[in-house]
Amino acid sequence: MNYDFRDKVIAVTGGAGGIGSAMCRRFAFGGARCVVVDIDEIRAVRVAGELPGSGHVGIGCDLMDWGQVERLFQQVDAAFGRLDVLVNNVGMTSTERFDVRDIPSIEREVGLNLVSPLVTTRLAIPLLRGSRDPRVISTVSLAGIFPQAETSVYCASKFGLRGAMLSIGLDLREKGILAGSVLPSATDTPMLRLEAVEGGNSMQFQEPPQQPSDVVSAVVSMLDKPRLEAYARPRESLSARLAMLVPNLLPKILPLFRKRGDRGMARYLEDLERRGLARRTDGRWELVAER
Ligand SMILES: NC(=O)c1ccc[n+]([C@@H]2O[C@H](COP(=O)([O-])OP(=O)(O)OC[C@H]3O[C@@H](n4cnc5c(N)ncnc54)[C@H](O)[C@@H]3O)[C@@H](O)[C@H]2O)c1
């Protein structure tokens, strides 16, 4: 059955980013009232202000600061009195390699990608209990089921989040709250563009990146048909899952895909240049600031 968005209150963390803002647009288009949550308050308010329909709010909140997360839900309570859907979408990645990374940077990435969605979900539960059909959906990643050497801390956080969401999904189901995850592969957003210009993980460019709308479709399908996991690109997930049956073979298998990934990343950078989103200066790629 199609999910009825009308009058639903949906909070999206990282809501001013590439995937988060696309989710908010789709939910608002269906008639939901969106709470756009982002550390960048100006962009959160702008995204909320540009959504179709009415009743949306943009809230500035550092989701690594538990006091701010508590205040966020107090604001949602005051404005709406309940929460129907929490989308834990906030996340980050870094191109710093593991052997040279400093400890605070490791803690920050695991904190934002794993601990923060857990704390946010926990603190949202009283408000979710006010809904007749409460849901929690987290944006995990294909990196939550398949290792990526270049981004090992990201993988650690997303493997953790995947496991947490499966367990929480089983636990909360018995308590009337349906929880699950979507697992996108490389998606054309500011996060991926930054990773590409900084020369990050090229293995994820085996195929051209998907669009935020593909991830949104996976989220909507999960709202239509609640389940523990949904993949935006099921075929890719199948090869990743098959390869994980033989993890000891990965050091032999992965180099076979390196050249294809490098070519894919080079094509993506050229595409960003054509779209005016990146440029090459003295042989180095950099992002062009978006207005
Ligand atoms: N883009 C991809 O290739 C890809 C692939 C798989 C999964 N994902 C996941 O999708 C989710 C969304 O990613 P995206 O690509 O839209 O990234 P994005 O960088 O476009 O958006 C992330 C948003 O999070 C916000 N944010 C960062 N730190 C914050 C904090 N402490 N508190 C509150 N907000 C904060 C940023 O301001 C930004 O608006 C992430 O969880 C990411 O890991 C992305």
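Residues numbered from 1 in each chain as written. Predicted model: local features only at pLDDT ≥ 70, side-chain atom pairs only at ≥ 80, totals over all residues. Heavy atoms only, no water.

1. Remarks on the pattern of salt bridges
Evaluation of the coordinates by the stated rule reveals 18 salt bridges. By sharing partners, the salt bridges in this structure join Asp 188, Arg 193, Asp 271, Arg 274 and Arg 275 into a single network. (Salt bridge = Lys/Arg side-chain N within 4 Å of Asp/Glu carboxyl O.)

2. Some points on the site of the ligand
Every one of the 30 residues lining the ligand counts as a neighbour, but Gly 18, Asp 38, Tyr 154, Thr 187 and Thr 189 are closest to it. Backbone polar atom of Gly 17 to an oxygen atom of the ligand: 3.2 Å apart, as the coordinates give it. A distance of 2.9 Å separates an oxygen atom of the ligand from a polar atom in the backbone of Asn 89. A total of 830 Å² of accessible area belongs to the ligand in isolation, and the protein chains cover 92% of it. When residues of the shell around the ligand are traced back to their parent elements, those giving at least two are α1 (18-29), α4 (103-128), α5 (152-173) and α6 (190-197). Per-element tally for the shell around the ligand: the top contributor is α6, with three residues. (Near = heavy atom within 4 Å. Polar contact = N/O pair within 3.5 Å; in protein donor to acceptor, adjacent residues only side chain to side chain. Areas by Shrake-Rupley, 256 points an atom, 1.4 Å probe, with all protein chains shown as cover. Helix = DSSP H or I, 4+ residues; strand = E, 2+ residues; numbered from the N terminus.)

3. A word on the nonpolar core
One finds Val 35, Leu 72, Phe 73, Val 76 and Leu 83 to be the most contacted residues of the largest nonpolar core, which totals 36 residues. Listed by contribution, the elements that provide at least two residues to this core are β1 (9-13), β2 (33-38), α3 (66-80), α4, α5, β6 (178-183) and α8 (234-243). When residues in this core are grouped by element, the largest group, six residues, is from α4. Filtering out sequence-adjacent residues up to four positions away, Leu 83 remains in contact with Val 9, Ile 10, Ala 11, Phe 73, Val 76, Ala 124, Leu 127, Leu 128 and Ser 131. Ranked by size, the runner-up nonpolar core spans 30 residues in total, among them Val 12, Phe 27, Met 222 and Ala 230. (Core = buried A, V, L, I, M, F, W, Y, C linked by side-chain atoms within 4.5 Å. Buried < 20%, exposed > 50% of the residue type's maximum accessible area, 1.4 Å probe, protein only. Contact = heavy atoms within 4.5 Å.)

4. Let's talk about empty space enclosed by the protein
Going through the model one piece at a time under the given rule, you end up with three cavities of 30 Å³ or more. Roughly 80 Å³ of internal volume is contained in the largest cavity. What lines the largest cavity is Arg 135, Val 136, Ile 137, Gly 169, Arg 173, Leu 178, Ala 179, Gly 180, Met 222, Pro 226, Arg 227 and Leu 228. Of all the secondary-structure elements, those providing two or more residues to the lining of the largest cavity are β5 (135-139), α5 and β6. Partitioning the lining of the largest cavity into residue classes produces seven nonpolar, two polar and three charged. Within this model, the second largest cavity holds a volume of roughly 40 Å³. Lining the second largest cavity are Thr 93, Ser 94, Glu 96, Phe 98, Arg 101, Glu 109, Glu 150, Thr 151, Ser 152, Val 153 and Tyr 154. (1 Å grid on protein atoms, 1.4 Å probe; cavity = no way out; pocket = protein on both sides within 12 Å on 5 of 7 lines; lining within 4 Å. Points joined across faces, edges and corners; volume = space filled by probe spheres on them. Nonpolar A, V, L, I, M, F, W, Y, C, P; charged D, E, K, R; others polar.)

5. Focus on the confidence of the model for the chain
When pLDDT is averaged along the chain, the result is 96, and 100% of the positions lie at 70 or above. When pLDDT is averaged over each helix and strand of the chain, the minimum, 89, is found for α8 and the maximum, 99, for β1. (pLDDT = per-residue confidence, 0-100.)

6. Focus: the pairing of β2
In terms of residue burial, β2 counts as a mostly covered element, since five of its six residues are buried. The sheet contact formed by β1 and β2 spans five bridges and is parallel. Within β2, the residue paired with Val 9 across the bridge is Arg 33. Each parallel crossover has a hand, and the one from β1 via α1 to β2 is right-handed. Handedness of the crossover is the feature at issue here: the chain leaves β2, passes through helix α2 (residues 41-50), returns alongside strand β3 (residues 57-60), and the resulting connection is right-handed. (Pairing = 2+ DSSP bridges. Right-handed = clockwise from strand over helix to strand, strands pointing away.)

7. Notes on the packing of aromatic side chains
To describe a pair of aromatic rings, you give the distance between the ring centres and the angle between the ring planes. Summed over the entire model, instances satisfying the criterion amount to three aromatic pairs. Ring centres of Tyr 3 and Phe 5 lie 5.0 Å apart, and the angle between their planes is 80°; on these two criteria the pair is classed as edge-to-face. With respect to class, Tyr 3 is no different from Phe 5; both count as buried. Considering the side-chain rings of Phe 5 and Phe 27, the 5.5 Å spacing of their centres and the 20° angle between planes classify their relative orientation as stacked. (Phe/Tyr/Trp six-rings, centres within 6.5 Å; stacked < 30°, edge-to-face > 60°.)

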